[in-house]
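Fold and geometry: a report
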Amino acid sequence: IIPTATALPEGNHADIQLIPDFPLDRLLPPVPDLRDRASPEYKAFFEHLTTDIGERGVQQPIQAYREGDLARVNDGWTRCLGSRMAGKATILTLLH
């Protein structure tokens with residue numbers, strides 16, 4: 001169920017895969033989520049990020065690790081939320 005991965009450059013990457021189109025609906029939020037998403041500053045940032053993702057897509061891959069058939073995000077949850085708000089179905093992901 002995990003999409004096809006793109007090969008990473010040679011080196012010590014163990015089991016890390018770069019997946020250009022990981023489905024957003026297969027991602028779980030980080031535990032715990034330490035970001036304060038209620039502040040006015042965050043809301044302004046998030047609105048700008050969502051617009052940018054809608055126009056250019058995600059430029060920096062999120063990082064997640066396998067949890068059964070799903071993956072738990074450990075870096076990039078805000079990019080996931082912004083991608084969803086921008087109407088995207090997938091996201092660039094480094095899967096550990």
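Residues numbered from 1 in each chain as written. Predicted model: local features only at pLDDT ≥ 70, side-chain atom pairs only at ≥ 80, totals over all residues. Heavy atoms only, no water.

Turning our attention to the overall build of the protein chain. Broken down by element type, the protein chain carries two helices and five strands. Counting over 96 residues, the protein chain shows a buried share of 35%. (Helix = DSSP H or I, 4+ residues; strand = E, 2+ residues; numbered from the N terminus. Buried < 20%, exposed > 50% of the residue type's maximum accessible area, 1.4 Å probe, protein only.)

What follows is about the pattern of salt bridges. Scanning all chains against the criterion turns up four salt bridges. The residue Asp 52 makes a salt bridge to Arg 56 at a minimum N-O spacing of 2.9 Å. One end of the pair, Asp 52, and the other, Arg 56, are both in helix α1 (residues 40-56), four residues apart, so they sit about a helical turn from each other. By relative accessible area, Arg 56 is classed as exposed at 52%. (Salt bridge = Lys/Arg side-chain N within 4 Å of Asp/Glu carboxyl O.)

Moving on, we get to the environment of Glu 47. Along the chain, Glu 47 turns up in helix α1. Under the relative-accessibility criterion, Glu 47 is labelled exposed at 58%. Each C-alpha atom of the pair Glu 47 and Ala 86 lies 9.9 Å from the other, and the pair is 39 residues apart in sequence.

Let us look at the packing of aromatic side chains. Here the structure, examined in full by the defined rule, presents two aromatic pairs. Arranged with centres 6.3 Å apart and planes meeting at 55°, the rings of Tyr 42 and Phe 45 form a pair that is tilted. Note that Tyr 42 and Phe 45 are positioned in helix α1 at a spacing of three residues, about one turn of the helix. Under the relative-accessibility criterion, Tyr 42 is labelled buried at 9%. Given a relative accessible area of 42%, Phe 45 falls into the partly exposed group. Ring plane angle 20° and centroid distance 5.8 Å describe the contact between Tyr 42 and Phe 46, whose orientation is recorded as stacked. With Tyr 42 and Phe 46 both in helix α1 and four residues apart, this pair spans about one turn of that helix. (Phe/Tyr/Trp six-rings, centres within 6.5 Å; stacked < 30°, edge-to-face > 60°.)

For helix α2 (residues 77-85), the complete set of buried residues consists of Trp 77, Thr 78, Arg 79, Cys 80, Gly 82 and Ser 83. Contacts made by the buried residues of α2 are with β2 (27-28), α1, β3 (62-67), β4 (70-75) and β5 (90-95). (Contact = heavy atoms within 4.5 Å.)

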